[in-house]
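# Chains, contacts and geometry: an overview
Residues per chain are reported as follows:
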Amino acid sequence: VVLEDTTVTIVSRHKSQPGNGFASDYIEQKLSSFGFTADVQSWSATGENIIATQPGLEYPNQKYVLCAHYDAMPTAVAPAADDDGSGTATLIELARVLSQYEFVFTIEYCFWDEEEQGLVGSRAYAEAAALAGDSILGVVNMDALAWDGNGDGLMRIHTRPTANSEDLSEVAVSVNETYSIGLDIAVNNPGATYSDHASFWNNG
């Protein structure tokens, strides 16, 4: 990628590798090109979430969180195209497209760091949000969207009877049917807890 005027190769996005910082800078650069000013939420010397906010016109204090993690495994060489380059690329594209429209509620585009170390970045955000009493209406977490190892074409949605999680899963199923998108959807309820959505379930 080109960062400012320098071309860099991201070999690994593991938290201990320079590529993690390059990825963070690249995401900030992309968000800036869409007109956002990205905020950095840090909780350690190495961990940082990248957050872009699109204020809602009528209810700016109520928000939806769209998110993915940009860190990767293993340590030395980690292209991680699926986990979670696919979610990160999708989130960047969502920010590009949705930035051209206006919405009633606020949208936050959140790129988590250190998911692979135990959901560290999303947990830091969710705990702070709960402590502050933030009004989060829903969270859509995108992780490992691209790889279909067995070729079954299945899209899996993880939900739980917590907050608005089940409502959001029903919206996704309805949109698929209404617009004849043609995805084969499986709804897992209760859903797995091995990705960043769990940080929000754990905080209500």
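Everything below is about the structure printed above this text.
Here goes a summary of the coordinates provided.

Thresholds applied
- Residues numbered from 1 in each chain as written.
- Predicted model: local features only at pLDDT ≥ 70, side-chain atom pairs only at ≥ 80, totals over all residues.
- Heavy atoms only, no water.
- Helix = DSSP H or I, 4+ residues; strand = E, 2+ residues; numbered from the N terminus.
- Rg over C-alpha atoms; globule rule 2.2 N^0.38 Å.
- Buried < 20%, exposed > 50% of the residue type's maximum accessible area, 1.4 Å probe, protein only.
- Contact = heavy atoms within 4.5 Å.
- Lys, Arg positive; Asp, Glu negative; His and termini not counted.
- Charge placed at Lys NZ, Arg CZ, Asp CG, Glu CD.
- Salt bridge = Lys/Arg side-chain N within 4 Å of Asp/Glu carboxyl O.
- Core = buried A, V, L, I, M, F, W, Y, C linked by side-chain atoms within 4.5 Å.
- Phe/Tyr/Trp six-rings, centres within 6.5 Å; stacked < 30°, edge-to-face > 60°.

A few words on the overall build of the protein chain. Scanning the protein chain for helices and strands turns up five helices and nine strands. Since a compact globule built from 204 residues should have a radius of gyration of about 17 Å, the 17 Å found for the protein chain is in line with a globular shape. Along the first, second and third principal axes, the C-alpha set of the protein chain runs to 45 × 45 × 30 Å. Looking at the protein chain as a whole, 38% of its 204 residues are labelled buried. Of the contacts formed within the protein chain by residues at least 6 apart in sequence, a portion of 73% connects residues at least 24 apart. Within the protein chain, the 29 negative side-chain charges are centred at a point lying 3 Å from the centre of the 8 positive side-chain charges.

Let us now look at the pattern of salt bridges. Applying the stated criterion across every chain yields a total of four salt bridges. The residue E114 makes a salt bridge to K15 at a minimum N-O spacing of 3.8 Å. Of the two residues, E114 is situated in the loop between β6 (105-112) and α3 (120-132) and K15 in the loop between β2 (6-7) and α1 (18-33); the sequence distance between them amounts to 99 residues. In the salt-bridge network here, residues are joined through shared partners; they are K63, E108 and D134.

In terms of nonpolar packing, the biggest core is built from 18 residues, with I27, L31, F36, L66, L91, Y109 and F111 touching the most fellow members. Those elements that provide at least two residues to this core are α1, β4 (48-54), β5 (59-69), α2 (81-98) and β6. Leave out the neighbours within four places in its chain, and L91 touches L66, C67, A68, Y109, C110, F111 and M142. If you look at the next biggest cluster of nonpolar residues, it comprises nine residues, including C67, W112, Y125 and A129.

In total, this model carries six aromatic pairs according to the counting rule given. Judged by centre distance (5.3 Å) and plane angle (25°), the rings of Y59 and F105 are stacked. Linking Y59 in strand β5 with F105 in strand β6, this pair joins segments that are 46 residues apart in sequence. According to the relative accessible area criterion, Y59 is partly exposed, its value standing at 39%. When the centroid spacing of 5.9 Å and the interplanar angle of 75° are considered together, the rings of Y64 and F105 count as edge-to-face. With a gap of 41 residues between them, Y64 in strand β5 and F105 in strand β6 connect regions that are remote in the sequence. Judged by relative accessible area, which is 31%, Y64 ranks as partly exposed. Taken together, the aromatic side chains of Y59, Y64 and F105 make up a single cluster linked through ring pairs.

No statement about biological role is implied by the geometric values presented.
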